[in-house]
Amino acid sequence: MFLKLLTFLAIIGLSLASPVVEERSPAPLKADVIVVNDIREFRAANPSLNLVELKRSANQPRLGIRYTLGSRLAGDVLVATLGDFVSYSVPQNVKLTLTYPTNGYGAVVTHVLVDVQQSSSFGSGYVVGGGIGQRFIQIVIEAQSTTYFGYSAYVYGL
């Protein structure tokens, strides 16, 4: 009985002495969703931008488009996430700008995933600043002729 009590006390002592590991909550992304008259205006207004197109995933979510960039790496974590949904009474051209981090510099970006819900299949996504392997990324998602627009964005980093 005495041995069982000593074992129990040793286990309790070790658990109290173990460091507490805090999980970091993902930071918010900065997001701006605007309706534009002509989606080509952005490209015309920014001719010097080196646009890197996001890939459309082969595994598309139901009624949506999945854009990806980079890949998950061992040890990376979700560093930022954000989502929203807006509906319109008539079809609109919509531009979403996502920025990580909201200010300063963040983790080294390894992977980006953006799931978009829209009523049309016309759209594209581009990196317009920073990128994979950098501590900053800015992404523009364009949706054309849609009566609703929703998104869930995830940024992973080291």
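Refer to the structure presented above.
Right, let's walk through the structure included here. (Residues numbered from 1 in each chain as written. Predicted model: local features only at pLDDT ≥ 70, side-chain atom pairs only at ≥ 80, totals over all residues. Heavy atoms only, no water.)

**Quick notes on the packing of aromatic side chains**
Scanning the model with the defined rule gives two aromatic pairs in all. Judged by centre distance (5.8 Å) and plane angle (25°), the rings of Phe85 and Tyr148 are stacked. With a gap of 63 residues between them, Phe85 in strand β6 (residues 77–100) and Tyr148 in strand β9 (residues 137–157) connect regions that are remote in the sequence. With a relative accessible area of 23%, Tyr148 lands in the partly exposed category. Ring centres 6.2 Å apart and planes at 40° place the aromatic pair Phe149 and Tyr151 in the tilted group. This pair shows no difference in class: Phe149 is buried, exactly as Tyr151 is. (Phe/Tyr/Trp six-rings, centres within 6.5 Å; stacked < 30°, edge-to-face > 60°. Helix = DSSP H or I, 4+ residues; strand = E, 2+ residues; numbered from the N terminus. Buried < 20%, exposed > 50% of the residue type's maximum accessible area, 1.4 Å probe, protein only.)

**Some words on the pairing of β9**
Across 18 bridges, β6 lies against β9 in antiparallel orientation. Its bridge partner lying in β9, Thr99 is registered against Gln138. Of the strand pairs in this sheet, strand β8 (residues 123–130) and β9 are connected by seven bridges, and their pairing is antiparallel. Considered in β9, the bridge of Val127 is made with Ile139. Counting the residues between successive antiparallel strands, the hairpin from β8 to β9 contains six residues, one of them, Gly131, with a positive phi of roughly 150°. (Pairing = 2+ DSSP bridges.)

**Focus: the nonpolar core**
Residues Tyr100, Val114, Ile141 and Phe149 are the most contacted members of the largest nonpolar core, which totals 26 residues. Every element with two or more residues in this core is listed here: β5 (64–70), β6, β7 (109–118) and β9. With eight residues, β9 is the largest single contributor of residues to this core. When sequence neighbours within four positions are dropped, the list of residues in contact with Val114 reads Ile65, Arg66, Tyr67, Leu98, Ile141, Tyr151, Ser152 and Ala153. (Core = buried A, V, L, I, M, F, W, Y, C linked by side-chain atoms within 4.5 Å. Contact = heavy atoms within 4.5 Å.)

Interpretation note: all reported values are geometric properties and have no functional meaning in isolation.
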